[in-house]
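The lines below spell out each chain.
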Amino acid sequence: MREVAIIGIGMTKFGELWTKSLRDIFVEAALKAIDDAGVDHIDSMYVGTMTPGLFVGQEHIGALMADYLGTAPIPSVRIESACASGGFAFRQAFIDVASGINDIVLAGGVEKMTDGADVTYALSTAADQEYECYHGITFPGLYAMIANIYFHKYGASRKHLAMIAVKNHKNGALNPNAQFQGEITIDDVLNATMVADPISVMDSSPVSDGAACVIVTTVEIAKKLGKPVVKVIGSGAATDTIALHQRKDILNLDAVKFSAERAYKMAGITPTDIGFAEVHDCFTIAELCIMEELGFCERGKAYQMVEKGETALEGRIPINPSGGLKSKGHPVGATGIAQIVEVVEQLRGNAGKRQIKNARIGLTQNMGGSGASSVVHIFKIE
Amino acid sequence: MPSPRYTREIPQRYRLEAAKCKKCGKIFFPPRLVCSNCKSREFEKITLSEEGKIVTYTTIRVAPEQFSTQVPYNIAIIELNDGVRLMAQVVDCKPEDMAIGKPVRMVFRKIQEEGAAGIICYGYKAVLA
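Since this is a predicted model, take the numbers as computed values, not measurements.

Basis of the calculations
- Residues numbered from 1 in each chain as written.
- Chains lettered and ligands numbered in written order.
- Predicted model: local features only at pLDDT ≥ 70, side-chain atom pairs only at ≥ 80, totals over all residues.
- Heavy atoms only, no water.
- Disulfide = S-S within 2.5 Å.
- Buried < 20%, exposed > 50% of the residue type's maximum accessible area, 1.4 Å probe, protein only.
- Contact = heavy atoms within 4.5 Å.
- Buried area = accessible area lost by both parts, 1.4 Å probe.
- Salt bridge = Lys/Arg side-chain N within 4 Å of Asp/Glu carboxyl O.
- Polar contact = N/O pair within 3.5 Å; in protein donor to acceptor, adjacent residues only side chain to side chain.
- Helix = DSSP H or I, 4+ residues; strand = E, 2+ residues; numbered from the N terminus.
- Domains from an automatic or database assignment.
- Nonpolar A, V, L, I, M, F, W, Y, C, P; charged D, E, K, R; others polar.
- Pairing = 2+ DSSP bridges.
- Axes fitted to C-alpha atoms, helices over the stretch in contact; angles between N-to-C directions.
- Lys, Arg positive; Asp, Glu negative; His and termini not counted.
- Left-handed = near helix turned anticlockwise from the far one by under 90°.
- Phe/Tyr/Trp six-rings, centres within 6.5 Å; stacked < 30°, edge-to-face > 60°.
- Lys NZ or Arg CZ within 6 Å of the ring centre and 35° of its normal.

Asks: Help me out: how do you make sense of the state of the cysteines in this one?
Replies: Residue and element names in this part refer to chain A. Taken as a whole and judged by the stated rule, the model has zero disulfides over all chains. Unpaired in terms of disulfides, cysteine 213 finds its nearest cysteine sulfur in cysteine 83, a separation of 18 Å. According to the relative accessible area criterion, cysteine 213 is buried, its value standing at 0%.

Asks: What should I look at first to understand the interface of chain A and chain B in this one?
Replies: With 29 residues of chain A at the contact, the number on the chain B side is 36 residues. Here chain A packs against chain B, burying approximately 2,800 Å² in sum over the two surfaces, 56% of which is carbon and sulfur. Among the residues of chain A in contact with chain B, Tyr131, Tyr134 and His135 of chain A are the three that bury the most area, contributing 30% of the side total. Taken together, the connections running from chain A to chain B amount to three salt bridges. Counting across the chain A and chain B interface gives 16 residue pairs in polar contact (both at pLDDT 80 or more). Listing elements by their share of the side of chain A that touches chain B, those giving two or more residues are helix 6 (139-154) and strand 5 (194-196) of chain A.

Asks: Even after reading the chapter, I still don't get the domain arrangement of chain A, so can you show me in this structure?
Replies: It is common to report an interface's size as the accessible area lost on association of the parts. Residue and element names in this part refer to chain A. Domain annotation for chain A reports domain 1 (4-117 + 207-224) and domain 2 (119-203 + 233-381). The centre of domain 1, based on its C-alpha atoms, is set 22 Å off from the matching centre of domain 2. Counting from both sides, the interface comprises 44 residues of domain 1 and, opposite them, 41 residues of domain 2. Here domain 1 and domain 2 share an interface that buries about 3,100 Å² over both sides, 71% of which is from carbon and sulfur atoms. By the criterion of area lost to domain 2, the three top residues of domain 1 are Ile9, Phe14 and Cys83, representing 21% of everything that side buries. Between the two partners, domain 1 and domain 2, sit one salt bridge. Notably, a salt bridge pairs aspartate 36 with arginine 348, separated by 3.0 Å at the nearest N-O pair. Viewed at the interface, domain 2 and domain 1 are joined by 15 residue pairs in polar contact (both at pLDDT 80 or more).

Asks: Any chance you could explain the domain arrangement of chain B here in plain terms?
Replies: All names here are of chain B. As assigned here, chain B comprises domain 1 (1-47) and domain 2 (49-129). Taking the mean C-alpha position of each, domain 1 and domain 2 sit 21 Å from one another. If you look at the interface, domain 1 gives nine residues, while domain 2 gives 13 residues. At the boundary of domain 1 with domain 2, total buried surface from both sides reaches about 990 Å², with 69% on carbon and sulfur atoms. At the junction of domain 1 and domain 2, the tally comes to one residue pair in polar contact (both at pLDDT 80 or more). The dominant element in the side of domain 1 that touches domain 2, judged by the number of residues it contributes, is helix 2 (residues 10-15), at three residues. Here the residues of the side of domain 1 that touches domain 2 are counted per class, giving six nonpolar, two polar and one charged.

Asks: Sorry, what's going on with the sheet that holds strand 3 (residues 76-79) of chain A here?
Replies: Hydrogen bonds between backbone groups are what pair the strands of a sheet, and the pairing can be parallel or antiparallel. Residue and element names in this part refer to chain A. Within the open sheet, the nine strands sit side by side as 3-2-4-7-1-8-11-10-9. Their pairing is mixed. What marks the edges here is a single partner per strand, and that holds for strand 3 and strand 9 (276-278). On average, each strand axis in the sheet is tilted by 25° relative to the strand beside it, whichever way the strands run.

Asks: Help me out: how do you make sense of the environment of valine 104 of chain B in this one?
Replies: Residues and elements named next belong to chain B. Following the sequence through the fold, valine 104 ends up in strand 7 (residues 103-114). Sequence spacing of valine 104 and cysteine 21 is 83 residues, and the spatial spacing of their C-alpha atoms is 26 Å. Leave out the neighbours within four places in its chain, and valine 104 touches Glu50, Glu51, Gly52, Lys53, Ile54, Ile78, Ala126, Val127, Leu128 and Ala129.

Asks: Help me understand the side chain of glutamate 9 of chain B, please; the structure alone is not making it clear to me.
Replies: Assignment of secondary structure puts glutamate 9 of chain B in the loop between helix 1 (3-8) and helix 2. Of the side chains with opposite charge, arginine 8 of chain B comes closest to the buried, unpaired glutamate 9 of chain B, at an N-O distance of 4.6 Å. Contact partners of glutamate 9 of chain B, with chain neighbours within four places excluded, come to Glu130 and Tyr131 of chain A.

Asks: How should I be thinking about the packing of helix 6 of chain A against helix 11 (residues 284-293) of chain A in this particular structure?
Replies: Axes are the key here: two packed helices are described by the angle between their axes and the distance separating the axes. Residues and elements named next belong to chain A. It is the contact of helix 6 with helix 11, at a shortest axis distance of 9 Å, that shows an interaxial angle of 65°. Where helix 6 crosses over helix 11, the handedness of that crossing is left-handed. Contacts between helix 6 and helix 11 involve Tyr143, Ile146, Ala147 and Tyr150 from the first element and Ile285, Ala286, Leu288, Cys289 and Glu292 from the second.

Asks: Mind showing me how you'd approach unusual backbone geometry here?
Replies: A negative phi angle is the norm for most residues apart from glycine, just as the trans form is the norm for most peptide bonds. In this model, alanine 72 of chain A is joined to proline 73 of chain A through a cis peptide bond whose omega is 15°. Residue position: proline 73 of chain A is located in the loop between helix 3 (61-69) and strand 3. Of note, the amide linkage connecting phenylalanine 29 of chain B to proline 30 of chain B takes the cis form, showing an omega dihedral of 0°. Structurally, proline 30 of chain B is set in the loop between strand 2 (27-28) and strand 3 (43-47).

Asks: For this particular structure, what's the right way to read the packing of aromatic side chains?
Replies: Between two aromatic rings, the relevant description is the distance of the centres plus the angle of the planes. By the definition in use, this model includes twelve aromatic pairs over all chains. What links up through ring pairs into an aromatic cluster is the set Tyr6, Tyr14, Phe108 and Tyr122 of chain B. The ring of phenylalanine 258 of chain A carries lysine 257 of chain A above its face, with NZ or CZ at 4.8 Å from the centroid. Directly above the aromatic system of tyrosine 131 of chain A lies the positively charged group of arginine 13 of chain B, at a separation of 5.8 Å from the ring centroid.

Asks: I'm lost on the pairing of strand 2 (residues 44-48) of chain A in this one. Help?
Replies: Strand residues, when the strand is regular, have side chains that alternate between the two faces of the sheet. Residue and element names in this part refer to chain A. Counting buried positions along strand 2 yields five of five residues, so the element is predominantly enclosed. Across the two faces of strand 2 the burial is the same, with Ser44, Tyr46 and Gly48 and Met45 and Val47 all buried. Bridge count for strand 2 against strand 3 is four bridges, and the pairing is parallel. Opposite glycine 48, over in strand 3, you have isoleucine 79 as the bridge partner.

Asks: Whenever I open this one, the sheet that holds strand 3 of chain B confuses me. Can you help?
Replies: All names here are of chain B. Spatial ordering of the open sheet is given by 2-1-3, a layout of three strands whose pairing is antiparallel. Two strands in the sheet have a free side with no partner beyond their single neighbour: strand 2 and strand 3. In terms of strand pairing, strand 1 (residues 17-21) meets strand 3 through five bridges, oriented antiparallel. Its bridge partner being in strand 3, glutamate 17 is matched across the sheet by threonine 47.

The structure is reproduced here in structure tokens:
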């Protein structure tokens, strides 16, 4: 297996991009990444997107994006794993380069959610249509069920979830690409409109448009190009039951655990080596459960880490320095790639006001559905 | 939803039919073609218990379009007495009546109306026992 590095990153601002089309936001992010990498061609492309067919009536995304990026006739294919589509697209690019099949590969993600489609329905297609959605469940509802049992078992409360939203908005306020660049208070979250008890609208990531792209190549080529070498030292992916109620333990996100274990094993490191992480906080409760599955603390203790400020920007292990899905925005297919863009910015020391001191090893975790798929990557600056 | 898709699920939605693995005994609802526990492909048809308890729950206040007239409604993960878990609405009670561990009983109810024609779709819900 060849050693793999990221040499280019680019993303659009996340938010309600009503004047821009699906194809144009993708190409905007791709051109930024290509310019950043300074390459004159790419060999293949992987485009992560969840359901452009339902959001804007467009499928066949691989070909469309290669066409409008002007890279046709290179191979280009769409990768889908619900909200983890971006992370899985990156993994395919990593495999493509590591295997020696291609040398310079683009991994991207895109979603256009604000063009008027029924977003609640479109997102719910990531759950079990016949045995979950048929009964009227929604994604906030699934995570609300996880939250209720977490509260019951470990004694956490809505206040702890609110602390996560407050922290992520504080970080997002420092991110010029974030959808929401304003700080919020604990009371803002506690008093917000309830979506599915105990999840309020301020516990939930927003509906967003956006795209993000990265350029992947070998460490050898990265050095020849004179680029800062951000190495991909670990990659892991896993799956679990599609329906939440089929899990052995509702609180265990096994796909997150297995994807992390595989990434740690490839990297030859342990959770204590991770300096900071971008994780899939689609709802505030998800951030807590993920911290535990990634091994950052014991089971049932994540809310105490949050309470002590250990996951803040200046904390022991900053989580979601970008603002996370909650504040940065969550254009579902783009999220997994945007997490990687943030980690590369941090490792290069280019994160501006939200720069983490001595950032050396960063982790990304991107998840589909209520945890039926998860993909983890670990990055290190040389 | 298209009628073949609805019709296929009737044994599960109307009668709680499940599949029990002949080799390891694990019960699957809905039935599967291969056992995820022991990889056996031999099953016997069984009917699930109608009694169970709430594992976890929520109250939906923002619903998908076809459920929007029902809000707020309770929905729970229920563990039936034979150990099988499923998701169902818990009806004829208030949000504040919901609690982890409460006993419930499965009942046959209207679930939703489909499309502009308003075709009625049936299935199971739960009531507090």
